[in-house]
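The residues making up each chain are set out below.
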Amino acid sequence: MVLSKLYTPMVRGFWEKLEKPIVVLAPMADVTDAAFRRLFAQYGKPDVTWTEFVSADGLVRAPHDNQDERGMSSQDKLRKDLLYTEAERPIVAQLFSSKPEMMELAARMVAEMGFDGIDINMGCPDKNIEKQGCGAAMIKNPENAAAIITAAKRGAPTIPISVKTRTGFNRIEDFEPWISFLLEQDIACLTIHWRTRKEMSKVAAHWELAPRAVALRDAIAPQTILLGNGDVTSLADAHEKVQTTGIDGVMVGRGIFGNPWFFNSHIDRDTDVTVGERLGVMLAHTKLFLELLPHKNVSVMKKHYKAYVDGFVGAKELRLELMEAATIAEVEERVEAFLQEHPELR
């Protein structure tokens, strides 16, 4: 692959001020929303926070007059996905699009919202996203990927642009040409999920590729921050992966479920937080979700309940009860009844 003729110099921004190792919060749809991110800012702040991914096309095109029963338009809902507080900084908005003109306009909007950076999703394996030529489909269309990066730079010339991707689409052998190509685009940060699109999350993450990625980065774009993603189980595990591979930092995804203390080096959820405290945070999480994201189905919270309610006496029974709860009042009642039955867990 060759460097795109659309090359534009990159702003490094906050990335060059971070101390290494860097440990960051992954963007995950219907997980790292505004409510959950506020908990991390309170209980265990990552070095960098990512939003959920947001459609650049929808952010630009969504009609204001197509309102639901709450008076919210499609664009209102997308903007809710980009809610953040000052406590979450530095915060990066993740966008996806296959249309350079849409990415440029959306990047300008996001920069005006005050975000510290923009990340472009080039790794999501969701078929609906791929049908739009976005996410992991970008791996098969490098020239458009370069055009999308350049468009983001044009739209937001004062903040850094980064990319999150996978090792390849179908074949691990595509790793070096694809990663080399992205590094040639002069991006501030590159996050690599150590699996191909075909592998999804069905195999162990290929962390053995990290030293090769570091060597490519050092040769092609030494100023680009390199992060690895996949199968990170704890803060200690993150630091070990950095130490053994030479990478700059780690992005944590599934490991943060039910654990807003993940990034707090002084607190271990399973030994330093009582079950009662954990359930209290779960309730606070639910209330924040309902307050900040009224357009989303409260059933989204149930994936979090499965993670919060785990590893203690009676967890399975309480978890089943919470799966049946229809309102926050019911959730509160069942949690309080459980703690009355198990006062030793408070």
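That block above? That's the structure.
About the thresholds
- Residues numbered from 1 in each chain as written.
- Predicted model: local features only at pLDDT ≥ 70, side-chain atom pairs only at ≥ 80, totals over all residues.
- Heavy atoms only, no water.
- Helix = DSSP H or I, 4+ residues; strand = E, 2+ residues; numbered from the N terminus.
- Rg over C-alpha atoms; globule rule 2.2 N^0.38 Å.
- Buried < 20%, exposed > 50% of the residue type's maximum accessible area, 1.4 Å probe, protein only.
- Contact = heavy atoms within 4.5 Å.
- Areas by Shrake-Rupley, 256 points an atom, 1.4 Å probe, with all protein chains shown as cover.
- Arc of directions from axis to C-beta.
- Pairing = 2+ DSSP bridges.
- Axes fitted to C-alpha atoms, helices over the stretch in contact; angles between N-to-C directions.
- Phe/Tyr/Trp six-rings, centres within 6.5 Å; stacked < 30°, edge-to-face > 60°.
- Lys NZ or Arg CZ within 6 Å of the ring centre and 35° of its normal.
- Parallel < 35°, antiparallel > 145°, perpendicular 65-115°, else oblique.
- Nonpolar A, V, L, I, M, F, W, Y, C, P; charged D, E, K, R; others polar.
- Right-handed = clockwise from strand over helix to strand, strands pointing away.
- Salt bridge = Lys/Arg side-chain N within 4 Å of Asp/Glu carboxyl O.

Visitor: Explain the overall build of the protein chain residue by residue, including any values.
Guide: From N to C terminus, the protein chain includes 14 helices and 8 strands. Computed over the C-alpha atoms, the radius of gyration of the protein chain is 20 Å, within 12% of the 20 Å expected from 2.2 N^0.38 for a compact globule of 346 residues. The principal-axis extents of the C-alpha atoms in the protein chain amount to approximately 65 × 55 × 35 Å. With 346 residues in all, the protein chain has 57% of them scored as buried. Excluding contacts between residues fewer than 6 apart, the proportion of contacts in the protein chain whose partners are at least 24 apart in sequence is 71%. Summed over all atoms, the accessible surface of the protein chain reaches about 14,600 Å², with 51% contributed by carbon and sulfur.

Visitor: Would you mind going over helix 9 (residues 235-245) in detail, with residue names and values included?
Guide: What helix 9 keeps buried is the set Leu235, Asp237, Ala238, Lys241, Val242 and Thr245. Projected onto a plane normal to the axis of helix 9, the buried residues spread over an arc of 165 degrees and lie on a single side. Opposite the buried face of helix 9, by more than 90 degrees, sit the exposed residues Ala236, Glu240, Gln243 and Thr244. Buried-residue contacts for helix 9 involve strand 1 (22-25), helix 8 (210-220) and strand 8 (249-252). Looking one or two places after helix 9, you find Gly246, whose phi comes out positive at around 85 degrees.

Visitor: So what's going on with the sheet that holds strand 5 (residues 161-166)? Residues and values would help.
Guide: With parallel pairing, the 8 strands of this open sheet are ordered in space as 1-8-7-6-5-4-3-2. What marks the edges here is a single partner per strand, and that holds for strand 1 and strand 2 (49-55). Across the sheet, the axes of successive neighbouring strands diverge by a mean angle of 25 degrees, strand direction being ignored. Lying on the sheet, helix 7 (residues 175-184) is in contact with strand 4 (117-122), strand 5 and strand 6 (189-193); it crosses strand 5 at an angle near 170 degrees.

Visitor: Report on the packing of aromatic side chains, specifying residues and quantitative values.
Guide: Across all of its chains, the model carries 12 aromatic pairs by this definition. Seen from their ring centres, Phe53 and Phe96 are 5.0 Å apart, and the 40 degrees between their planes marks the pair as tilted. Residue Phe53 is located in strand 2, and its partner Phe96 is located in strand 3 (residues 91-96); the two are separated by 43 residues in the primary sequence. Residue classification places Phe96 among the buried positions, given a relative accessible area of 6%. Ring geometry for Phe175 versus Trp194: centroids 6.2 Å apart, planes at 50 degrees, classification tilted. Placement of Phe175 in helix 7 and of Trp194 in the loop between strand 6 and helix 8 is noted, with a sequence separation of 19 residues between them. Judged by its relative accessible area of 0%, Phe175 is buried. Within the aromatic cluster, the residues linked to one another by ring pairs are Phe36, Phe40, Phe262 and Phe263. In this structure, Lys140 packs its charged tip against the face of Phe169, placed 4.3 Å from the ring centre.

Visitor: Which residues make up the packing of helix 11 (residues 275-292) against helix 12 (residues 301-308), and what are the values?
Guide: Contact geometry of helix 11 with helix 12 gives a least axis separation of 11 Å together with a crossing angle of 170 degrees. Judged on the interaxial angle alone, helix 12 and helix 11 are roughly antiparallel. Contact residues: helix 11 offers Arg278, Val281, Met282, His285, Thr286 and Phe289, while helix 12 offers Met301, His304, Tyr305, Ala307 and Tyr308. Taken together, the residues that form the contact of helix 11 with helix 12 break down as 7 nonpolar, 3 polar and 1 charged.

Visitor: Would you mind going over the pairing of strand 4 in detail, with residue names and values included?
Guide: By the criterion of burial, strand 4 is predominantly enclosed, with 6 of the 6 residues buried. Where burial is concerned, the two faces of strand 4 agree: the one with Gly117, Asp119 and Asn121 and the one with Ile118, Ile120 and Met122 are both buried. Bridge count between strand 3 and strand 4: 4 bridges; the pairing is parallel. Counted as the bridge partner of Ala93 is Ile118 from strand 4. As a crossover connection, the stretch from strand 3 through helix 4 (residues 100-112) into strand 4 is right-handed.

Visitor: Account for the pattern of salt bridges, with residues named and values stated.
Guide: Applying the stated criterion to the full structure yields 24 salt bridges. In this structure, Asp186 and Arg12 form a salt bridge, with 2.3 Å as the shortest nitrogen-oxygen distance. You can see Asp186 sitting in the loop between helix 7 and strand 6 and its partner Arg12 sitting in the segment before strand 1, a full 174 residues away along the chain. Residue classification places Asp186 among the buried residues on the basis of a relative accessible area of 12%. Residues Arg108 and Glu104 are paired through a salt bridge, measuring 3.3 Å at the closest nitrogen-oxygen approach. With Arg108 and Glu104 both in helix 4 and 4 residues apart, the pair spans about one turn of that helix. Beyond isolated ion pairs, a larger network of salt bridges with shared partners links Lys20, Arg217, Asp218 and Asp248.

Visitor: Could you give me a rundown of the environment of Pro157, with the residues and numbers involved?
Guide: Checked against the element boundaries, Pro157 lands in the loop between helix 6 (142-155) and strand 5. Residue classification places Pro157 among the exposed positions, given a relative accessible area of 51%. The spacing of Pro157 and Ala111 is 46 residues in sequence and 8.8 Å in space, taken between C-alpha atoms.

Visitor: Help me get a handle on helix 8, residues and values and all.
Guide: Along helix 8, the residues classified as buried are Ala210, Ala213, Val214, Leu216 and Arg217. For helix 8, the arc enclosing every buried residue in end-on projection is 160 degrees, short of the 170-degree limit, so these residues lie on one face.

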